[in-house]
Amino acid sequence: MKISLNWLKSYLEFNLPNEELKDLLTDIGLEVESMESYESVKGGLKGLIVGHVIEKEKHPDADKLSVCKVDTGHEILQIVCGAPNVAAGQKVIVALTGSKLFSAEGEPFEIKKAKIRGVESNGMICAEDEIGLGSSHEGILILDANIPTGKSVSDLFNIENDYVIEIGLTPNRTDAFSHIGVARDLAAALSFRNNKEYKLLIPEEKLKVASNPEKDFTVEVKNKVACPRYSGLIIKNIKVAESPAWLKNRLKAIGQKPINNIVDITNFVLHEFGQPLHAFDLSEIKGKKIVVGNLPSKTKFTALDKSVIELHEEDLMICDGEGNGMCIAGVYGGIASGVKDSTTSIFLESAYFDPKTIRRTSTRHNLRTEAAIHFEKGIDPDITVTALKRAAQLITEIAGGEIASPVYDLQNKIFEPFKVELEYDHVKRLTGADISKEDIIKILGLLDIRIDEEVDAYPMNISPDALSLSLLVPPYRADVTREADVIEEILRIYGFNNVLIPAKLNASLNFTDPFDPDKLYNRTADTLVDFGFYEMMNNSITKSKYQSNLKNSPEENWVRLLSSINVELDVMRNNMLFSGLEVLSYNINHKNSNIKLFEFGKTYELKNSKAITSDSYSEKNHLAIFLSGNTYAGNWKTPSHKTDFYNLKSLVDLVLSKIGISDIDAMDNELSEIFDYSLVYKNSGNKLVEFGKVQAQFNRLFDIKQEVYFADFDWDNIISLAKNVNINYKEISKYPAVKRDLALLLDKKVKFSEVKSIGEKFGKKILRNIELFDIYEDDKIGKENKSYAVSFTFRDDNKTLLDTDIESVMSKLIKEFQTQLNAVIR
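What comes next concerns the included structure.

Thresholds applied
Residues numbered from 1 in each chain as written. Predicted model: local features only at pLDDT ≥ 70, side-chain atom pairs only at ≥ 80, totals over all residues. Heavy atoms only, no water. Salt bridge = Lys/Arg side-chain N within 4 Å of Asp/Glu carboxyl O. Helix = DSSP H or I, 4+ residues; strand = E, 2+ residues; numbered from the N terminus. Buried < 20%, exposed > 50% of the residue type's maximum accessible area, 1.4 Å probe, protein only. Pairing = 2+ DSSP bridges. Arc of directions from axis to C-beta. Phe/Tyr/Trp six-rings, centres within 6.5 Å; stacked < 30°, edge-to-face > 60°. Lys NZ or Arg CZ within 6 Å of the ring centre and 35° of its normal.

Focus: the pattern of salt bridges
All chains considered together, the criterion is met by 40 salt bridges. E314 serves as the salt-bridge partner of R364, at 3.3 Å between the closest nitrogen and oxygen. Of this pair, R364 sits in helix α6 (residues 355-364) while E314 sits in the loop between β19 (308-310) and β20 (316-320), placing them 50 residues apart in sequence. Residue classification places E314 among the partly exposed positions, given a relative accessible area of 40%. With a shortest N-O distance of 3.6 Å, E690 and K687 are connected by a salt bridge. Taking relative accessible area as the criterion, E690 reaches 11% and is therefore assigned buried. Relative accessible area serves as the criterion here: at 34%, K687 is assigned to the partly exposed category. Among the charged side chains, a salt-bridge network with shared partners connects R173, D175, D185, R477, D479, E489 and R492.

See below:
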């Protein structure tokens with residue numbers, strides 16, 4: 001949220017250095033993210049002075065250029081000018097050599113001494129668009145002849161120097177979502193901390209209704225739940241034109257683009273009070289009636305930007321007397337009823353709409369307007385008429401209109417203050433600060449929190465600290481509904497930094513499970529980072545169109561969102577793949593094609609969609625690893641190496657090894673839906689990880705043209721195993737290892753995992769390792785055959801192995817290979 005310092009000071013008189021103001025706002029919960037200077041005219045017209053053209057001659061070598069002698073008050077300058085309206089005797093704006101002008105995009109360019117078609121030019125005579133005073137470039141800007149020559153141009157125009165404060169407003173602080181809201185908080189803090197009253201200067205409304213008010217116009221609210229309060233009035237005889245400089249400066253300072261005086265006033269009041277307004281062209285309201293209600297589903301509505309929106313039956317609409325939709329209430333206006341240059345009369349709307357209704361409509365149609373953002377967060381329900389009158393007064397002053405109706409105010413719900421009980425002793429218990437009763441009551445008053453009554457919470461306790469207060473919190477503080485909320489408000493104004501740190505801290509012994517999942521997470525993350533990986537954190541909310549590509553993921557098991565900021569983000573993810581591929585695509589598109597990423601995240605599933613309870617949902621923890629591109633970049637000496645399946649497998653093995661998990665059953669997963677080929681590691685039937693090469697069809701969804709390798713760890717199963725891992729230490733064997741190689745002629749369907757399984761089963765205790773170091777295929781050994789070259793490593797930790805020990809095991813292995821696999825020993 002952007003706040004103009006000058007605008008803020010129009011509601012509260014204070015004089016604080018910028019750094020102190022930033023610290024104070026942050027201390028009361030309005031965190032200042034930045035504070036930057038702002039000039040209504042970029043550059044502040046520095047280096048520009050009033051010049052007097054004393055002579056004009058035609059350029060000797062250019063028909064459209066003139067050579068002028070200009071008196072600057074200090075010297076006579078020769079300036080070449082191309083404007084058709086320059087003439088001797090004029091007072092003009094001169095940019096001296098060395099001064100800087102700014103383009104419409106804000107880019108500076110320096111005025112330099114130059115030769116133009118052979119004639120020396122020392123400066124520049126300026127048009128209004130060249131210095132930011134207007135948009136015309138038809139000729140130079142001619143000043144009043146009575147203005148003294150040599151006067152600084154910045155003194156002639158109302159150049160506003162301001163500071164723009166960027167506040168990182170938390171979602172619960174809707175009361176501060178405006179300049180008056182910030183001023184109100186600031187006034188409370190300054191009044192308490194300086195022990196001096198800082199009065200909030202709220203503009204007074206002085207409305208005078210015309211002698212012949214509109215009598216036949218009516219307003220009807222049909223959907224009273226979605227529209228608890230609707231206010232409005234009619235203003236006639238207005239003139240739509242450009243806004244005055246002060247109004248445009250206010251809006252431009254906070255990043256708003258001025259449009260015309262009517263629209264600018266509604267935007268001004270929005271950022272002044274936090275109340276969205278809307279102006280309808282009165283001539284477009286058929287039947288002289290406003291109807292607030294719903295239209296049938298799939299009704300077509302043409303919006304301000306000429307887009308055609310198909311309405312939902314829950315969308316609240318502002319309609320005319322003939323049932324024509326004029327505006328999506330609180331979200332977006334219509335093209336027909338909007339204010340135009342020809343508009344002379346308007347109906348000005350100020351309403352309180354149900355936040356949930358507005359949010360659903362806004363997200364459903366992906367219309368994130370300023371009005372929708374304010375309404376869905378919740379505005380002050382008691383301020384609709386105040387803001388309406390303020391805007392009406394400004395319109396009559398600026399656009400020359402007159403009030404042509406009484407204020408229509410249909411209030412269908414009374415917003416009562418929130419009742420909260422506050423016990424004095426709880427303030428100290430929760431804050432650690434010894435705040436006196438007098439200070440508590442003073443702070444509550446500064447925050448508009450009224451004391452309904454003061455009661456004794458504990459009749460048998462004579463301690464004065466036992467008293468409590470029955471409080472009435474104003475409706476605009478929707479985030480203050482509990483005792484803890486009130487105590488937080490007291491502490492905000494009292495000052496977090498005023499809470500003393502105790503000299504003595506008490507602690508108790510805490511007996512916990514020796515296994516810490518967080519340490520396992522950090523240890524694993526550190527391991528991956530050491531190997532060049534970056535951790536990513538993705539949104540658990542994803543697009544259903546991604547999950548629809550998985551045939552084994554039925555829609556009835558998706559966890560759908562009831563409401564979302566983005567209409568496309570509508571489900572909780574049920575896999576880790578797609579969110580990771582989005583990140584890969586982003587990196588590749590930004591010329592970072594060698595990818596090493598990992599993510600710890602969760603997936604979600606609805607197990608029973610027929611009878612949904614809290615137990616129907618499944619939430620699982622995962623570790624996802626992504627590899628793509630080259631394992632390492634090449635150079636003049638070492639060629640680059642393309643990432644492959646075995647790079648991923650080595651990382652998976654490393655992660656499990658670091659955790660201490662070694663009892664693994666490996667198997668191919670030929671039925672995998674997302675992999676071209678993959679391996680699954682299990683322990684006692686529980687899946688630990690599945691990894692492999694991602695199918696190209698999924699890469700194409702994200703325009704990824706390079707191979708992607710993906711590993712998905714079931715982190716819940718990993719944690720269950722890791723809890724029981726014991727680290728055992730043993731002496732390094734003093735006895736040598738012995739290797740034996742074997743060439744096996746096998747059917748192509750036989751996998752190495754089968755060979756390894758037989759070896760581990762019949763290798764007794766002395767077979768330490770089995771490795772496949774070569775595969776040979778050729779027509780000479782048969783098209784259906786292949787040859788495995790397998791290495792067997794033997795070692796006994798208690799003695800040196802004899803040939804007879806090894807040969808007995810090898811003989812047994814050969815026999816089993818021949819029996820079980822029909823192997824031929826080559």
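Considerations on the sheet that holds strand β22 (residues 332-333)
By definition, the strands of a sheet pair up through backbone hydrogen bonds, in either a parallel or an antiparallel sense. If you trace the five strands from one edge of the open sheet to the other, you get β14-β17-β20-β21-β22, paired in mixed fashion. The sheet is open, and its two edges are formed by β14 (218-221) and β22, each paired on a single side. As paired elements, strand β21 (residues 325-328) and β22 share two bridges and run antiparallel to each other. Paired with I328 across the two strands is Y332, which belongs to β22.

Quick look at helix α10 (residues 437-446)
Along α10, the residues that are buried comprise I440, I443 and L444. Relative to the axis of α10, the buried residues are bounded by an arc of 100 degrees and lie together on one face.

As for the pairing of strand β3 (residues 48-58)
Remember that side chains alternate between the two faces of the sheet whenever the strand is regular. Bridge analysis of β3 against strand β6 (residues 91-95) gives five bridges, and the strand direction is antiparallel. Looking across to β6, one finds that V50 is bridged to I93. The sheet contact formed by β3 and strand β4 (residues 66-71) spans six bridges and is antiparallel. Pairing of K56 across the sheet is with C68, part of β4.

Quick notes on the packing of aromatic side chains
Centre-to-centre distance and the angle between the planes together describe a pair of aromatic rings. According to the stated counting rule, one finds 23 aromatic pairs in the structure shown. Plain terms: the ring middles of F217 and F347 are 5.3 Å apart, the flat faces sit at 25 degrees to each other, and that makes the pair stacked. One end of the pair, F217, is in the loop between α3 (179-193) and β14; the other, F347, is in strand β23 (residues 346-352), and 130 residues separate them in sequence. Plain terms: the ring middles of Y546 and F578 are 5.8 Å apart, the flat faces sit at 35 degrees to each other, and that makes the pair tilted. Here Y546 is found in helix α13 (residues 544-547), whereas its partner F578 is found in helix α14 (residues 577-589), with 32 residues between them in sequence. Of the two residues, Y546 and F578, neither departs from the other in class, the shared state being buried. Over the ring of F14 we find K9, and its NZ or CZ is 5.5 Å from the ring centre. The ring of Y476 carries the charged tip of R184 above its face, separated from the ring centre by 4.1 Å.

Function cannot be read off these values alone, since they describe shape.
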